[in-house]
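In case you want the letters, here they are:
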Amino acid sequence: MEQDFQASQLGLYIHIPFCLTKCGYCSFFTLPFRQSSLYEYVGYIEKEKVLYRYQLKRPLATIYFGGGTPSLLSAEQIMAILEGLNILPDAEITLEINPLQITEQYLKALKTTPVNRLSIGMQSMNNSELAWLNRHHNMEQIIDKIALCRKENFNNISLDLIYGLPNSSVQTVQQTVDAYLKLQPEHISCYLLTLDEDCPLADEIDKLPNEDILAEQYEYLCSYLKQAGYTHYEISNFAIPGFESKHNLRYWKSEDYLALGVSASGWIYPMRYQNPVDINAYYENVKNRVIFPQKEELSNQRIIQDYLMMGLRLREGINLQEFNERFQIPLMEIYREQINKLIKIKMLTLQEGNLALTEQALFVSNRVIGDLIL
Ligand code: SF4
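Please read these numbers as outputs of a predicted model, since none were measured by experiment. Just so you know, the residues in each chain are numbered from 1, in the order the chain's sequence is written. Only residues with pLDDT of at least 70 are given local features in this predicted model, and only at 80 or more are side-chain atom pairs given and counted; all residues enter the totals for whole chains, interfaces and linings. No hydrogens and no water enter the side-chain calculation; it runs on all heavy atoms of the structure.

Summarise the side chain of Thr172; cite the residues concerned and give the values.
Here Thr172 lies in helix α7 (residues 170-182). Once residues within four sequence positions are removed from consideration, Thr172 is found in contact with Glu129 and Asn167. Working definition: helices are DSSP H or I runs of at least four residues, strands are E runs of at least two. Numbering for both runs from the N terminus. Residues count as neighbours in contact if any of their non-hydrogen atoms are within 4.5 Å of one another.

See the structure below:
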């Protein structure tokens, strides 16, 4: 058993909460950047890493620096965080990067680290949309920045795209996608803009397009990117074949991942845990050598529900045989009635042993999955 454990692969998420400014649509937990605060924080991540040394004996298949703004880390800080980890030679190591922090000097420094995938918080290629989102870069800068990444041999680049902005239409989405395609990213993540009541742009909620317009934009994105050669492999994600996000696939396939840093949450079967969403409480926990804070051991029923919730986000869906092997019970035995009902109204399809959302269910996936598991 011990051997099995040590051989089983793991993903690692590292959260860096600091940001230079607050984006208008953001309701994530973030902290204002100060060099001294980041320095102190990295020290805690290193200490937290030691607390999980038993789990971290497992080979790391993926590592993801997310935030916040992880590109505030220097190459030396990235190396300090990665030091001593059991990283597989072909591991995917992603860094979310703010376009403004892409400089020749920073990219050259990153090349001295094992980071091999960049996820760029571009959001749009329309300057008035970028200004409305309170992003501090513009489309002209982005073109130069991506060229710089290519020059420094970063060949696995993911770009974020936000749709559903005020006054947006299929035409504005098309303009943005055309501009993205010229940059030839290996991966594109498309997010629907949502404004929570506590985000700086909360007063603008009334200006967002209605659901029909949003559905039209989403469907357009899906078909346009497909035509351009991208595989639509997850509800919001598109990739040139072979460049799907290996780290995010771990989430969607309910595979183990450890998470370090304030507010980060992890999944180590059969347990979820979450670090405090408060920097001082997080520091206290690390000082007191607390591991797996707020841990919750899930019942088999909850694990199955989460597995379906995440797995159905993938266009390939859930393989019934794999489900059976994993849970020792056929999926149809648990959910036959709901599955048949959803197949009948063309929200689910069952083909070649895979249960998946239909094309028309994608935009309303939460409701469909809710109908299945609740
Ligand atoms: S959207 Fe990202 S970069 Fe902007 S404030 Fe939120 S976490 Fe920071």
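Hey, could you go over unusual backbone geometry for me, with residue numbers and the actual values?
Here Gly67 and Gly68 are connected by a cis peptide whose omega angle stands at 20°. Counting through the fold element by element, Gly68 comes out in the loop between β4 (60-67) and α3 (75-82). Across the junction of Tyr269 and Pro270, the peptide omega takes the value 0°, indicating a cis bond. Here Pro270 shows up in the loop between β12 (265-268) and β13 (271-274). The backbone of Arg289 shows a phi angle near 60°, a positive value even though the residue is not glycine. In this fold, Arg289 is placed in the loop between α10 (279-287) and β14 (296-297). In this scheme, a residue with accessible area under 20% of its type's maximum is buried, one over 50% is exposed, and one in between is partly exposed, where area comes from a 1.4 Å probe on protein chains only. Judged by relative accessible area, which is 53%, Arg289 ranks as exposed.

Residue-level account of the packing of helix α11 (residues 300-311) against helix α14 (residues 365-373), with values.
Working convention: axes come from line fits to C-alpha atoms, limited for helices to the stretch in contact. Angles between N-to-C directions cover 0 to 180 degrees. Packing of α11 against α14 leaves a shortest axis separation of 10 Å and a crossing angle of 155°. One finds that α11 runs roughly antiparallel with respect to α14. In the crossing of α11 with α14, the sense of the turn from one axis to the other is right-handed. Contact with α11, carried on its side by Gln305, Leu308 and Met309, involves Ile369, Leu372 and Ile373 of α14 and no other residues of that element. All residues other than Ala, Val, Leu, Ile, Met, Phe, Trp, Tyr, Cys, Pro, Asp, Glu, Lys and Arg, Gly among them, are scored as polar; the first ten of these are nonpolar and the last four charged. In terms of residue class, the contact of α11 with α14 is built from five nonpolar, one polar and no charged. What sets the label is the angle itself: under 35 degrees gives roughly parallel, over 145 gives roughly antiparallel, 65 to 115 gives roughly perpendicular, and the rest give oblique. Crossing handedness is defined as follows: a turn of the near helix away from the far one that is anticlockwise and smaller than a right angle gives a left-handed crossing, while the clockwise case is right-handed.

Break down the pattern of salt bridges for me, with residues and values.
For this document, the term salt bridge refers to a Lys or Arg side-chain nitrogen within 4 Å of an Asp or Glu carboxyl oxygen. Tallying each qualifying case throughout the model produces 14 salt bridges. Notably, a salt bridge pairs Glu211 with Arg367, separated by 2.9 Å at the nearest N-O pair. Of this pair, Glu211 sits in helix α8 (residues 211-227) while Arg367 sits in helix α14, and the two are 156 residues apart along the sequence. A relative accessible area of 52% places Arg367 in the exposed class. Several salt bridges share partner residues, and in doing so they unite Glu104, Lys108, Lys151 and Glu152 into one network.

Mind laying out α14, listing which residues take part and the relevant values?
Every buried residue of α14 is listed here: Ser365, Val368, Ile369, Gly370, Leu372 and Ile373. Packed against the buried residues of α14 are α11, α13 (331-344) and β17 (354-357).

Describe the pairing of strand β7 (residues 157-163), with residues and values.
The buried fraction of β7 is high, at seven of seven residues. In β7, alternate side chains face the same way, and those of Ile157, Leu159, Leu161 and Tyr163 on one face and Ser158, Asp160 and Ile162 on the other are all buried. Relative to strand β8 (residues 187-192), β7 runs parallel, the two sharing six bridges. What sits directly across from Ser158, in β8, is His187. By the criterion used throughout, a crossover qualifies as right-handed when its path from the first strand across the helix to the second strand runs clockwise, the strands pointing away from the viewer. For the crossover that starts at β7, traverses α7 and ends in the parallel β8, the hand is right-handed. Paired strands are those between which DSSP finds at least two bridges.

Before we move on, can you summarise the side chain of Ser37 with the specific residues and values?
Summarising the element assignment, Ser37 is placed in helix α2 (residues 35-51). Apart from residues no more than four positions distant in its own chain, Ser37 is found in contact with Phe18 and Tyr283.

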